[in-house]
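# Residue-level structure breakdown
Chain by chain, the residues run as shown.
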Amino acid sequence: MEILQVVDTLVCTQRHPGLQQYSLRVLRNTSGKLQVAIDPCGSREGNWVFVISGSAARYACEDPTVLTDLTVGGIIDYWDVDNGQLETV
Amino acid sequence: MEILQVVDTLVCTQRHPGLQQYSLRVLRNTSGKLQVAIDPCGSREGNWVFVISGSAARYACEDPTVLTDLTVGGIIDYWDVDNGQLETV
Amino acid sequence: MEILQVVDTLVCTQRHPGLQQYSLRVLRNTSGKLQVAIDPCGSREGNWVFVISGSAARYACEDPTVLTDLTVGGIIDYWDVDNGQLETV
Amino acid sequence: MEILQVVDTLVCTQRHPGLQQYSLRVLRNTSGKLQVAIDPCGSREGNWVFVISGSAARYACEDPTVLTDLTVGGIIDYWDVDNGQLETV
Amino acid sequence: MEILQVVDTLVCTQRHPGLQQYSLRVLRNTSGKLQVAIDPCGSREGNWVFVISGSAARYACEDPTVLTDLTVGGIIDYWDVDNGQLETV
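Residues numbered from 1 in each chain as written. Chains lettered and ligands numbered in written order. Predicted model: local features only at pLDDT ≥ 70, side-chain atom pairs only at ≥ 80, totals over all residues. Heavy atoms only, no water.

### Re the relation of the copies chain C and chain B
Of the transformation superimposing chain C on chain B, the axial component is 0.0 Å and the angular component is 72°, with the fit at an RMSD of 0.0 Å. Such values leave the two copies arranged in the relation of a five-fold axis. Different-surface contact between copies: only 5% of interface residues of chain C are shared with the interface of chain B. (Least-squares fit on C-alpha atoms with pLDDT ≥ 70 in both. Contact = heavy atoms within 4.5 Å.)

Below you can see the structure in the form of structure tokens.
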């Protein structure tokens, strides 16, 4: 599972009905590459999240027929882009 | 899901019957890499789209036996190649 | 689906029986990376083809139990390595 | 299957219930890229492990409905980051 | 399917029982990147092989519940790292 940062919400008036009502997030990795994911975890702009890809991404939505290859799996509590996770415990 | 721009329609007289009657699009990412996708969304040359890969790409066609590993999932309303999505709301 | 050029046929005396009698092609992308695919479309050396990956590659063979992760999906009518598809219509 | 080194345990208060009680590891490859995996093998910080990706990652958990695309498959006995596996037998 | 060279056998005392009794090979591509695969074909150090990835890798073992995402599919008869396959027929 990859670690990415939420940068935006994607606006698509014409989109596949198989994506249902799910909100789409634009995410960026540390090299600047952008990807789009479904988010059932309620992430917000600036959050660092980890994402689930492949067939597991579909099962991660409440309805497994949702058409996605990337789904947010969790919001990381503390993440520093230069140093990774901060020692917090 | 990746963000790509439609550059062309692919002409293949000899193609696998499992692709059925679907139109094939040539898409390009920001590094210039080309890929081919099935498009059930009606995208046009110049549109920025996001694409669904893997097994979900097959389910994204009305007939899930269509042979594809990449399917257009939606047309992005406003996209700037340098700045990403424009603030529109 | 990726766009690759056929460079050779692969000779493997010891190969997995699950590949059956299928011919194996060596393909090259524009960066020079080589890959191996099953070809049910009858491509020839020098042809530019697009290939289907993942689970769809198995369904693209007449027998879906064939063990492959890459199958030729079609032969591109006209392709120029520098300019992509030529305007032909 | 890739070879990665365990660098940390990931702390996510808000995470998908489909990940169940599994511990999440942050892993790093030799280029410094970070990934997150489920670990049913009991790896510790500093260990070199190999990881299973894709649909097999789900089956590698005792419960195949666990939502993961990367699972630790084994801890390598001796690994040298510069020279790979040491001659040990 | 990728073309890789066998460099070693991987020693893992603590490994997932789902890998069963299969021997694990360390393989290297032409850029030096290492990967781990199950080998039902009997390859030896120095052999050039092609590997099957994804769900097909599991079906390539006699028992499809084996946990792998990469399996050796065949041993290439003649391969030259600089020139690819030699003309042999």
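Alright, that's what it looks like, and here's the rest.
### Side note on the interface of chain C and chain B
Contact residues are listed per partner, giving 20 residues for chain C and 24 residues for chain B. Across the interface of chain C and chain B, roughly 1,900 Å² is buried in total on both sides, 56% from carbon and sulfur atoms. The largest contributions to the chain C side of the interface with chain B come from C:Met1, C:Asp77 and C:Gln85, which together make up 35% of the buried area. At the surface where chain C touches chain B, the tally comes to one salt bridge. The salt bridge involving B:Lys33 is made with C:Glu2; its shortest N-O contact spans 3.6 Å. Between the two partners, chain C and chain B, sit nine residue pairs in polar contact (both at pLDDT 80 or more). Where the side of chain C that touches chain B is concerned, the elements lending two or more residues are β1 (2-9), β5 (48-53), α1 (55-59) and β6 (70-75) of chain C. Here the side of chain C that touches chain B gets four residues from one element, more than from any other, and that element is β5(C). Here the residues of the side of chain C that touches chain B are counted per class, giving 13 nonpolar, five polar and two charged. Taken together, the two bridges between strand β2 (residues 14-15) of chain B and β6(C) define a ladder with antiparallel strand orientation. If you follow B:Gln14 over to β6(C), its bridge partner there is C:Ile75. (Buried area = accessible area lost by both parts, 1.4 Å probe. Salt bridge = Lys/Arg side-chain N within 4 Å of Asp/Glu carboxyl O. Polar contact = N/O pair within 3.5 Å; in protein donor to acceptor, adjacent residues only side chain to side chain. Helix = DSSP H or I, 4+ residues; strand = E, 2+ residues; numbered from the N terminus. Nonpolar A, V, L, I, M, F, W, Y, C, P; charged D, E, K, R; others polar. Pairing = 2+ DSSP bridges.)

### Side note on the relation of the copies chain E and chain C
Rotating chain E by 72° and moving it 0.0 Å along the rotation axis overlays it on chain C with an RMSD of 0.0 Å. The overlap is low: 5% of the interface residues of chain E also sit at the interface in chain C, so different surfaces are used on the two sides.

### Some details on the arrangement of the chains
One finds no contact linking chain A with chain C; the least C-alpha distance across the pair is 10 Å. One thing to see here is that chain B and chain D don't touch, and their nearest C-alpha atoms sit 10 Å from each other.

### A word on the environment of B:Gly18
All names here are of chain B. Note that Gly18 resides in the loop between β2 and β3 (24-28). For the pair Gly18 and Val66, spaced 48 residues apart in sequence, the C-alpha to C-alpha distance is 5.5 Å. Once residues within four sequence positions are removed from consideration, Gly18 is found in contact with Thr65, Val66 and Leu67.

### Comments concerning the interface of chain E and chain C
If you look at the interface, chain E gives 20 residues, while chain C gives 24 residues. Between chain E and chain C, a total of about 1,900 Å² is buried, with carbon and sulfur atoms accounting for 56% of that surface. Our count for the chain E to chain C interface comes out at one salt bridge. The interface formed by chain E and chain C includes nine residue pairs in polar contact (both at pLDDT 80 or more). Put simply, the parts of the chain that give the side of chain E that touches chain C at least two residues each are β1 (2-9), β5 (48-53), α1 (55-59) and β6 (70-75) of chain E. Counting residues per element, the side of chain E that touches chain C draws most heavily on β5(E), at four residues. By residue class, the composition of the side of chain E that touches chain C is 13 nonpolar, five polar and two charged.

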